[in-house]
Structure formats: C-alpha cells, structure tokens
Amino acid sequence: DNAHVFFHPVLVRVWLDTYRPLRALQPLFVLASRGEQQVVFPLVLWRRNVKNAFLRTIVPAGHSDFDYHDPIFLLPPDEEQVQSFYAALKAELDKNVKYDRIVFDGLHEQSVPEYCTVVHQEVCLSASLPESPKKNGFVTPISKNQTKSNFRRLRRLEEVGKVAFNCV
C-alpha cells in the first residue's frame, strides 16, 4: 500500500544508468525482512569529487530527481518496526561500508530515523482567499507590479482568442 513508483526496479535502473557516467555511484540496495514484514530501500554510495572534499555519502536512489524516498514496507509498519529497520540498517552500513555521512532527504515525518536530524523543512504557504483582494474575479497578488503584469498577460491572451476559466 505504501509503495511508490520512484523505487520501481526499472526506474532505479534508468536513474543509475543515467547518473553513473556523471557521478561515482555504487548501488547499495537494501532488502530486509523480519517475520512477514519486508522492506526495500534502494540506496547508493556517492563518492563526491574534490569540490565536495571527496565525501562518501549514502543517499537514496533517485535522490536528486524524486520528491520522496521512504523505504517501502510490504505491510503497514508501526513505529517500532520503522525504527528497528533504521537501527539495523545503520548497524549494517557501519559494519560493511566506508562512508562519511548519510543523507536521507525526502522522508515523510513518520519515516525519519531516530539517529537523524531534520536540517531543513519547507514551509507550506497558505492564504485566506475570502479576505484576499479581487479584481475581475481574480485573486490579485499583494504586489501592484505583479497584478499589472498578470492582467497585461491576460489582455495579450485575449487578443489571440477567447480566454475562459472553468471550475471543475
């Protein structure tokens, strides 16, 4: 139920085939199981260049192109299973891989390992539309220049043909 298309084997392969000629990437595909629970987490070891101090960074496959990278659990996991997976993963990585840092970007909050810290969170902006200024049925930006620019673009579109906005 929690699978996502970005970790499909074909897409991971395409991503690797695309970036391997450009970056020093070594696949570290993780398949873990305990009882009936199974977890898939495609990772790569990225050996950075001189500009990045030759850091060896473990990142999820597709880290630069996909929005989220939660590990895929076969069955819906509880908090203990998620944290147990990450603890076992870190222990295996520490034992078998030489790396300088781990960067798991794009994890949902329920999937963040206890040993990781969130260094940046994007703010989701929102605005109350009922109080927003309106002109000709449009919600206008706060900036007068942006408002003028938007209406100039609308006039130019109307010169080419009819412009209609339909709510579905």
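Residues numbered from 1 in each chain as written. Predicted model: local features only at pLDDT ≥ 70, side-chain atom pairs only at ≥ 80, totals over all residues. Heavy atoms only, no water.

Draft legend 1. Main features of helix 3 (residues 144-160). With 17 residues, helix 3 extends 25 Å between its outermost C-alpha atoms, agreeing within 8% with the 24 Å of an ideal straight helix rising 1.5 Å per residue. Taken residue by residue, helix 3 has Thr 147, Ser 149, Phe 151 and Leu 154 as its buried positions. If you follow the buried residues of helix 3, they end up packed against strand 6 (134-135) and strand 7 (138-139). (Helix = DSSP H or I, 4+ residues; strand = E, 2+ residues; numbered from the N terminus. Expected span 1.5 Å × (residues − 1). Buried < 20%, exposed > 50% of the residue type's maximum accessible area, 1.4 Å probe, protein only. Contact = heavy atoms within 4.5 Å.)

Draft legend 2. Expanded view of the side chain of Thr 57. Examined against the element boundaries, Thr 57 turns out to sit in strand 3 (residues 56-60). A distance of 3.4 Å separates the side chain of Thr 57 from the side chain of Arg 101, its partner in a polar contact. Apart from residues no more than four positions distant in its own chain, Thr 57 is found in contact with Val 44, Leu 45, Trp 46, Arg 48, Arg 101 and Val 103. (Polar contact = N/O pair within 3.5 Å; in protein donor to acceptor, adjacent residues only side chain to side chain.)

Draft legend 3. Spotlight on the packing of aromatic side chains. Here the structure, examined in full by the defined rule, presents 7 aromatic pairs. Plain terms: the ring middles of Phe 73 and Phe 85 are 5.9 Å apart, the flat faces sit at 75° to each other, and that makes the pair edge-to-face. With Phe 73 in strand 4 (residues 72-73) and Phe 85 in helix 2 (residues 79-96), this residue pair connects regions lying 12 residues apart in the sequence. Classification of Phe 85 by relative accessible area gives buried; the value is 7%. Among the aromatic side chains, those forming a connected cluster through ring pairs are Phe 41, Phe 73, Phe 85, Tyr 86 and Phe 104. A cation over an aromatic ring shows up here: Arg 48 above the ring of Trp 46, its NZ or CZ 3.9 Å from the ring centre. (Phe/Tyr/Trp six-rings, centres within 6.5 Å; stacked < 30°, edge-to-face > 60°. Lys NZ or Arg CZ within 6 Å of the ring centre and 35° of its normal.)

Draft legend 4. Summary view of the layout of surface pockets. Put simply, the second largest pocket is a space of about 410 Å³. Surrounding the second largest pocket, 20 residues form its lining, Val 30, Ala 32, Ser 33, Phe 85 and Ala 88 being those nearest its centre. Looking at the lining of the second largest pocket, the elements with two or more residues in it are strand 1 (24-34), strand 2 (37-47) and helix 2. Element by element, the count of residues in the lining of the second largest pocket is highest for helix 2, at 8 residues. Broken down by class, the residue content of the lining of the second largest pocket amounts to 12 nonpolar, 6 polar and 2 charged. (1 Å grid on protein atoms, 1.4 Å probe; cavity = no way out; pocket = protein on both sides within 12 Å on 5 of 7 lines; lining within 4 Å. Points joined across faces, edges and corners; volume = space filled by probe spheres on them. Nonpolar A, V, L, I, M, F, W, Y, C, P; charged D, E, K, R; others polar.)

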